[in-house]
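Coordinate analysis (summary)
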Amino acid sequence: MCIFITLIAKASDKNVVAEILTDAGRRADLIDNPSLRLAIAPDEIQFLTTNGHCDCDTVLGCGAVEASAKSLEGEVRKLRRKKWSQGKIDRYIEDRQKAELKKAFSRDSDSLELWDGIIIEAHRRGVSRIGLFYKMYGGEIATEDFKPNVTKTKLSQDALRFMVETEITYFN
């Protein structure tokens, strides 16, 4: 299971978007996942932007790290049932948060600035509609079945940071 990032744009902007992604050090491989196809406009295409094995270290949605305390609540309850001491639980939480923050903010090829810059450059060059999508795939990227949500937002680093997995986010 790995995370992959997809960029969505109008087919008429294919060459411009591919050039921007390549210039930014990302790939621009066309894909056509049927689940995404159902959620996007008929004149839009999908670019797999992964530059390497996967995008598991992406900063997109890394704000979830900051919100992960809520997900820890359930784990803490389980650890208490296992009779862990409060000190041991505190150390576990601290270690997990440090690891998540390190993972979220120590990337060389992926940054909020990179994605912000890609979208700004696309808008500057006349790309009228651009969206990002990321998902943890358990199977084939081209065929995995899921139901993506769609949202629109103003471009900001916070909008990138708090993107939601399996949600296509279009940026104005």
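These notes cover the structure that comes with them. The structure presented is a predicted model; accordingly, all values stated were derived computationally and were not measured.

The rules behind the values
Residues numbered from 1 in each chain as written. Predicted model: local features only at pLDDT ≥ 70, side-chain atom pairs only at ≥ 80, totals over all residues. Heavy atoms only, no water. Buried < 20%, exposed > 50% of the residue type's maximum accessible area, 1.4 Å probe, protein only. Helix = DSSP H or I, 4+ residues; strand = E, 2+ residues; numbered from the N terminus. Arc of directions from axis to C-beta. Contact = heavy atoms within 4.5 Å. Core = buried A, V, L, I, M, F, W, Y, C linked by side-chain atoms within 4.5 Å. Pairing = 2+ DSSP bridges. Axes fitted to C-alpha atoms, helices over the stretch in contact; angles between N-to-C directions. Salt bridge = Lys/Arg side-chain N within 4 Å of Asp/Glu carboxyl O.

1. Observations regarding helix α1 (residues 14–23)
- Those residues of α1 that fall on the buried side of the exposure criterion are V17, A18, I20 and L21. For α1, the angular spread of buried residues about the axis comes to 165°, placing them on one side. In α1, the exposed positions angled more than 90 degrees off the buried face are occupied by N15, T22 and D23.
- Packing partners of the buried residues in α1 comprise β1 (2–10), β3 (44–48) and α6 (112–124).
- One or two residues past the end of α1 sits G25, with phi positive at roughly 85°.

2. Concerning the environment of C56
- Mapped onto the elements, C56 comes out in the loop between β3 and α3 (63–66).
- Taking the C-alpha atoms as reference, C56 lies 8.0 Å from M136; in sequence the two are 80 residues apart.

3. Focus: the nonpolar core
- Counting 28 residues, the largest nonpolar core has L7, L60, W115, L132, L160 and F171 as its most contacted members.
- Listing elements by their share of this core, those giving two or more residues are β1, α1, β3, α6, β4 (130–137) and α7 (157–161).
- Looking at which element gives the most residues to this core, the answer is α6, with six residues.
- Beyond its immediate chain neighbours, meaning those up to four positions away, L132 contacts I5, T6, L7, L60, W115, I119, L160, M163, E167, I168, T169 and F171.
- Judged by nonpolar contacts, the second largest core, of 13 residues, contains I40, L48, Y137 and F146.

4. Quick word on unusual backbone geometry
- A positive phi angle, close to 70°, is found at K83, a residue other than glycine.
- Along the polypeptide, K83 turns up in the loop between α4 (68–81) and α5 (86–105).
- K83 gets classed as exposed once you look at its relative accessible area, which sits at 72%.
- Its identity is not glycine, yet T166 carries a phi of approximately 65°, on the positive side.
- Within the secondary structure, T166 is located in the loop between α7 and β6 (167–171).

5. Looking at the sheet that holds β1
- Taken together, the six strands give an open sheet; going across it, the order is β2-β3-β1-β4-β6-β5, and neighbouring strands pair in mixed fashion. Whereas interior strands pair on both sides, the edge strands pair on one side only; in this sheet they are β2 (29–31) and β5 (149–153). Pairs of neighbouring strands in the sheet enclose a mean axial angle of 30°, with direction left out of account.
- Note: β1 against β3, five bridges, orientation antiparallel.

6. Description of the pattern of salt bridges
- Applying the stated criterion to the full structure yields nine salt bridges.
- When the shortest N-O distance is used, the salt bridge between R26 and D55 registers 2.7 Å. A residue pair is termed long-range when its members are at least 10 positions apart, and R26 in the loop between α1 and β2 and D55 in the loop between β3 and α3 qualify at 29 residues.
- Residue classification places R26 among the buried residues on the basis of a relative accessible area of 5%.
- We note a salt bridge from R129 to E44, for which the minimum N-O separation is 2.6 Å. On the criterion of sequence distance, the pair formed by R129 in the loop between α6 and β4 and E44 in strand β3 is long-range, its members being 85 residues apart.
- Members of the salt-bridge network, linked through shared partners, are E19, E121, R124 and R125.

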